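# A structural walkthrough
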Amino acid sequence: MPIIDLTAEPPLARPTGDAVADAPRRIGLTLPELQEAARLAGGAPLPFAVAEAPSAGAMESRLGGTPAGSDDAAFRALLATLPDAADSLVRRGLVTAGALDAGVAGALGLLAKPAVAIDLDVALPGARARAWHRESSDAVATLATSDGVVFELSWYSPDAWAAELARTVTVPEEVERTGSQVPSHLDVPLGLAESVADALAAGRTDLVDVLLDAGHACTGPDGELGRADVRRALLALATESRGRLRALVARTEADDPPRSIGVVSWTLVNDGWRHLRPYRTPGGRRLAIEAAEPTDLAALLAPTLAAAR
């Protein structure tokens, strides 16, 4: 069986200066194919775990299945309809004479033994995607899925990383965009934003005015905001939210387990993404809310990545 030395530099192509040659390589793999490829790569660990099929409890056996149990059963039934993973990898030319394709093997090796990891969890209207970005030795590998059945494995040079991060959080064209009441810039006390969100979640809109009556220094794009503007903006931030992004950066080299370095959080409102950045001041903790585009993600992650290296 071919063995990947997970402590060695993975056999991935390095930048050549040729745009075509340096373009990210992408390959689609079903979950069984991915697991079989990882097995052929010397048992390279994947960045996620697949739970064992749960056994029905006594109550479930008597009263019927739960929604979670039904979803799990449907997921496993779908996997059972897929072609044999070992055969399909051979047919696709990804395994030759028992040896896994060198590019796929290198990408799996990098996923297993990176220096820096970024885990992206993206929720959009009607969809959710997970992506695991791993970087080490001047190369990057990404594994992504939106359903847990079909995965995209890609590998590329760090020069392409910013574009790949943006690609993960690009909002599909079918998601309608309208005007938003959330300003492109909003800076409020963190406690106020959290209290308003909690009140709205509990259905206590009457408490919002009580919270605002205490008086708070809040600013928008053009300077300090009045009470009515703050109320409108915070209500819109809570009610318009249609999706979210959570990007977790961790250092993995020589750490067991990986050590979290920082998190970047975004929320999707009517007209696009907003970056949520809590920070401290002598007067207390505050929350800065800024309009963001997918192409901004790499720059926002850059300071945390620098600290992780």
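Look up a bit, the structure's there.
Residues numbered from 1 in each chain as written. Predicted model: local features only at pLDDT ≥ 70, side-chain atom pairs only at ≥ 80, totals over all residues. Heavy atoms only, no water.

### Section: the overall build of the chain
Helices and strands together make up the secondary structure of the chain, namely 10 helices and 14 strands. Scored against the burial criterion, the 309 residues of the chain give a buried share of 40%. (Helix = DSSP H or I, 4+ residues; strand = E, 2+ residues; numbered from the N terminus. Buried < 20%, exposed > 50% of the residue type's maximum accessible area, 1.4 Å probe, protein only.)

### Comments concerning the packing of aromatic side chains
This model, assessed by the stated rule, comprises 3 aromatic pairs. Judged by centre distance (5.1 Å) and plane angle (10°), the ring pair of F48 and F151 falls under stacked. With a gap of 103 residues between them, F48 in the loop between α1 (31-40) and α2 (58-63) and F151 in strand β7 (residues 150-156) connect regions that are remote in the sequence. No difference in accessibility class separates F48 from F151, as the two residues are buried. Aromatic side chains W266 and W273 sit 5.6 Å apart centroid to centroid with 55° between the ring planes, which places their arrangement in the tilted category. According to the relative accessible area criterion, W266 is buried, its value standing at 2%. Under the relative-accessibility criterion, W273 is labelled buried at 1%. An aromatic cluster is present here, built from F48, W132 and F151 joined pairwise through their rings. (Phe/Tyr/Trp six-rings, centres within 6.5 Å; stacked < 30°, edge-to-face > 60°.)

### Examining helix α10 (residues 297-308)
One full turn of an α-helix is made of 3.6 residues, so residues set three or four places apart face in the same direction. End to end, α10 covers 16 Å across 12 residues, agreeing with the expected 16 Å (1.5 Å per residue, within 8%). Within α10 the residues assigned to the buried category are L297, A298, L301, T304, L305 and A308. Along the axis of α10, the buried residues cluster in a sector spanning 125°; they form a single face. Counted as exposed and oriented over 90 degrees from the buried face of α10: A299, P303 and A306. Those residues of α10 that are buried are in contact with β4 (116-124), α6 (161-169), β11 (243-251) and β12 (259-269). (Expected span 1.5 Å × (residues − 1). Arc of directions from axis to C-beta. Contact = heavy atoms within 4.5 Å.)

### Looking at the pattern of salt bridges
Scanning all chains against the criterion turns up 16 salt bridges. Here E164 makes a salt bridge to R26, at a shortest N to O gap of 2.8 Å. Of this pair, E164 sits in helix α6 while R26 sits in strand β1 (residues 25-30); the two residues are 138 residues apart in sequence, bridging distant segments of the chain. The salt bridge partner of R274 is D271, with a shortest N-O separation of 3.1 Å. One continuous salt-bridge network, built from bridges that share partners, spans R26, E152, E164 and R167. (Salt bridge = Lys/Arg side-chain N within 4 Å of Asp/Glu carboxyl O.)

### Describing unusual backbone geometry
Even without glycine at this site, A97 takes up a positive phi of about 50°. Structurally, A97 is set in the loop between β2 (95-96) and β3 (99-100). Residue classification places A97 among the exposed residues on the basis of a relative accessible area of 83%.

### Details of the pairing of β11
Of the pairings in the sheet, the one linking β4 to β11 comprises 8 bridges and is antiparallel in character. Along β11, the bridge assignment pairs V122 with L245. Summarising the sheet, β11 and β12 pair through 9 bridges and their orientation is antiparallel. Each residue of the ladder has a partner; that of G243, found in β12, is L268. (Pairing = 2+ DSSP bridges.)

### A word on the packing of helix α8 (residues 206-213) against helix α9 (residues 227-239)
Packing of α8 against α9 leaves a shortest axis separation of 11 Å and a crossing angle of 135°. Regarding the angle of α8 to α9, the classification is oblique. α9 is crossed by α8, and the crossing has right-handed handedness. Only R227, V230, R231 and L235 of α9 make contact with α8, whose side of the interface consists of V208, D209, L212 and D213. Residues of the contact of α8 with α9, tallied by class, amount to 4 nonpolar, no polar and 4 charged. (Axes fitted to C-alpha atoms, helices over the stretch in contact; angles between N-to-C directions. Parallel < 35°, antiparallel > 145°, perpendicular 65-115°, else oblique. Left-handed = near helix turned anticlockwise from the far one by under 90°. Nonpolar A, V, L, I, M, F, W, Y, C, P; charged D, E, K, R; others polar.)

### Considering α9
Taking 1.5 Å of rise per residue, the 13 residues of α9 would be expected to cover 18 Å, and the 18 Å separating its terminal C-alpha atoms lies within 8% of that figure. Of the positions making up α9, those classed as buried are V230, A233, L234, L235, A236 and L237. On its buried face, α9 sits against β8 (185-189), α7 (190-201), α8, β12 and β14 (284-292).

Purely geometric numbers; function is a separate question.
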